[in-house]
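# Residue-level structure breakdown
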Amino acid sequence: MTGAAGAESTAEIGRRVLRLRTERGFTQRQLAEPAYTAAYVSTLEAGKVRPSEAALRHLADRLGVSYEELTTGRSPRDATRLRAALTDARRALATGAAEDAAGLFEEVRREAERLGFAEERAAALLGLGDCALETGELTVGRDHFEAVERLLAGEPLPRRIPAIRGRAVAHLLAGELRYSCYLLESAIDELNASGLHDPYALLLLYTAAIAPYMDMGAHARAVRAAELALALAPSVDDPGLIARMHRGVARTLIAEGRTAEADASLAKAQELYEQLRIHTDLAHCHWMRGYVHAQDGNLERAERELRTARDMLASKRAALFTVQVEVELADVLRRRGRTADAEALLLPLLASSPAVAEAVNTAGKPGEALGEAASDEAGPGEAGLTADRGAVHAGGAHRLLGLIADERGDAEAAEEHYCAALSLLERTGAAGDLADLCRLLGDLLRREGRLEAAMDAYRTGLGHRAAPGTTTLGPAPAEPPM
């Protein structure tokens, strides 16, 4: 079958004609006349004849539907209504709580499934996945992204890239850095090998790859991904994605000690997010600017930016991101000499860990200066850090608690926290953090007179520092023609 009638199979169109005719109470003869016969309508409804465009237009007019709706099953009115609902859900996710946005996306998903609208259903599932990332329900998020990939399995690869990127971010947040990189690099290779050099899809992938590259110590790959993202940016008309790219580029600039340029890049991203009213990503800008100031030694400004980020994320009930910011805020507080406040902030985040369970029971609540925003939103069981939920920051929290214990002379507690951090970070492959942690543990053991154990710790750290930082078994992914 050719033309518009080829949009769907003969059998599907026949079933649609039968359903619409029955709903309207027409007989086959009433529907057919005056141009066709009842027998023709009967064979069409049975899927035994391929209708011509003229026949379909006649039937659509008699049934009171558009030609498009009869041939594709898509009512323009329903499609417009669902697209408007998706826009409302996206706006809710940008400006409000993810749980509220998820309710709107779920309504669209159900309605799109009822109507058989695959495109709108995929968009709703993608939105549900993004909501799950924000609330820290990483397994749920992966399930939604995988459902999008299955639904769009027959579509060109660029259509599936947002779902692949979402799944990679979920694995990153779970601490599975290598697998996150594998997903992103595989998609980049497939796009370039097939000649599908879609600028939007590639920019999405390169931007997403920067974070796991940096966490794994693969700085050269992160820098190259940032360079390619910057080269692709002029071809992409999506302010939100451009802002996200500037955030990623800033991470590579920070690693190179170019903090002024990093802050300028973050300022560009922040301006775009403010214009777009994308609150979660704006909070991430404050978060990273706090990190930049901390690297520069401007701890007062760092604390101010991190508190702003923490309060914004807590107000949106973005539980996992909130506690990750609190780990970095605790580091700034410790460096400012406020170790009691830092410890009180960290302990509830690791309440499920045996290394801190007893301390949580005796430490009391964080000081008044820390505010109540995060603790009011979710308890440790809901918002805490674990081996499969924010593992990199969980390791960072244990490292900080080890430093605090070490500074007050509690070698046993310090060793316990350092070992807990090592166990978490070894699973993630965060090479740079592992090397630093092994140095801290080695120094502690050496001061305790346990020289052989100290040497083992130092050797382990050197092994992590010497790791090449590769992320797949093969070479770096192919690059698109620029």
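Under the annotation held in an unreviewed UniProt entry, the protein chain carries the name Transcriptional regulator and is attributed to Streptomyces antioxidans.

Once that is clear, we can look at the confidence of the model for the protein chain. The predicted coordinates of low-pLDDT regions are not to be read in fine detail. Averaged over every residue, the pLDDT of the protein chain is 85; the share at 70 or more is 89%. Summarising per-element confidence for the protein chain, the mean pLDDT is lowest in helix 21 (residues 373-377) (37) and highest in helix 9 (residues 138-151) (96). Taken as a whole, residues 468-473 scores under 50 in pLDDT and shows 14 contacts with residues more than four places along the chain or in a different chain.

A separate point is the pattern of salt bridges. One pass over the full model with this rule turns up 45 salt bridges. Between Arg-439 and Asp-436 there is a salt bridge whose closest N-O contact spans 2.8 Å. In this pair, Arg-439 and Asp-436 both sit in helix 25 (residues 431-447), three residues apart, roughly one turn of the helix. Residue classification places Arg-439 among the partly exposed residues on the basis of a relative accessible area of 39%. Since its relative accessible area comes to 21%, Asp-436 is described here as partly exposed. A single network of salt bridges, built from pairs that share partners, joins Glu-106, Arg-109, Arg-110, Glu-113 and Arg-121.

At a minimum axis separation of 9 Å, helix 17 (residues 299-315) and helix 18 (residues 319-335) run at an interaxial angle of 160°. Regarding the angle of helix 17 to helix 18, the classification is roughly antiparallel. Once helix 17 is placed against helix 18, the crossing between them reads as left-handed. Judged by residue contacts, Leu-299, Ala-302, Glu-303, Leu-306, Arg-307, Ala-309, Arg-310, Leu-313 and Ala-314 of helix 17 engage Phe-321, Thr-322, Val-325, Glu-326, Glu-328, Leu-329, Val-332, Leu-333 and Arg-335 from helix 18. For the contact of helix 17 with helix 18, the residue count by class is eleven nonpolar, one polar and six charged.

The subject of this paragraph is the environment of Val-236. Assignment of secondary structure puts Val-236 in the loop between helix 13 (219-232) and helix 14 (239-255). On the accessibility criterion, Val-236 (12% relative accessible area) is buried. The sequence separation of Val-236 and Pro-199 amounts to 37 residues, and the corresponding C-alpha distance is 6.4 Å. When neighbours within four sequence positions are excluded, Val-236 is seen to be in contact with Pro-199, Tyr-200, Leu-203, Leu-241 and Ile-242.

Let us now look at the packing of helix 15 (residues 259-276) against helix 16 (residues 279-296). At a closest axis distance of 9 Å, the pairing of helix 15 and helix 16 adopts a crossing angle of 165°. Taken together, the axis directions place helix 15 and helix 16 in an arrangement best described as roughly antiparallel. As helix 15 runs across helix 16, the sense of the crossing is left-handed. Contacts between helix 15 and helix 16 pair Thr-259, Ala-262, Asp-263, Leu-266, Ala-267, Ala-269, Gln-270, Tyr-273 and Glu-274 from the former with Asp-281, Leu-282, Cys-285, His-286, Met-288, Arg-289, Val-292, His-293 and Asp-296 from the latter. Residues belonging to the contact of helix 15 with helix 16 are distributed by class as follows: nine nonpolar, four polar and five charged.

Under the 1.5 Å per step criterion, the end-to-end length of helix 8 (residues 118-135) is 26 Å for 18 residues, consistent within 8% with the ideal 26 Å. In terms of residue burial, helix 8 counts as a mostly covered element, since 14 of its 18 residues are buried.

For the rest of this paragraph, the subject is the side chain of Thr-428. Note on placement: Thr-428 falls in helix 24 (residues 411-428). Once residues lying within four places of it in the same chain are set aside, the contact partners of Thr-428 are Gly-175, Leu-177, Ala-391 and Val-392.

Thresholds, definitions, all that
Every chain begins its residue count from 1, and numbering advances along the sequence as written. Side-chain atom pairs in this predicted model are given and counted only at pLDDT of 80 or more, local residue features only at pLDDT of at least 70, and totals for whole chains, interfaces and linings cover all residues. Note: side-chain values were computed over all heavy atoms of the structure, leaving out hydrogens and water. Confidence per residue, as judged by the predictor, is encoded in pLDDT with a range of 0 to 100. Where helices and strands are cited, they refer to DSSP runs of H or I of at least four residues and of E of at least two residues respectively, numbered from the N terminus. By definition, residues are in contact when any of their heavy atoms lie within 4.5 Å. In what follows, salt bridge is the name for a side-chain nitrogen of Lys or Arg lying within 4 Å of a carboxyl oxygen of Asp or Glu. Only protein chains enter the accessibility calculation, which uses a 1.4 Å probe; a residue is then buried when its area is under 20% of its type maximum, exposed when over 50%, and partly exposed in between. Every axis in this analysis is a line fitted to C-alpha atoms, fitted for helices over the stretch in contact. Angles between the N-to-C directions lie between 0 and 180 degrees. Here the angle decides the label: under 35 degrees means roughly parallel, over 145 means roughly antiparallel, 65 to 115 means roughly perpendicular, and every other value means oblique. In this scheme, a crossing is called left-handed if the near helix is turned counterclockwise away from the far one by less than a right angle; it is called right-handed if the turn is clockwise. Classification convention: Asp, Glu, Lys, Arg as charged; Ala, Val, Leu, Ile, Met, Phe, Trp, Tyr, Cys, Pro as nonpolar; all other residues, Gly among them, as polar. By this rule the span expected of a helix is its residue count minus one, scaled by 1.5 Å.

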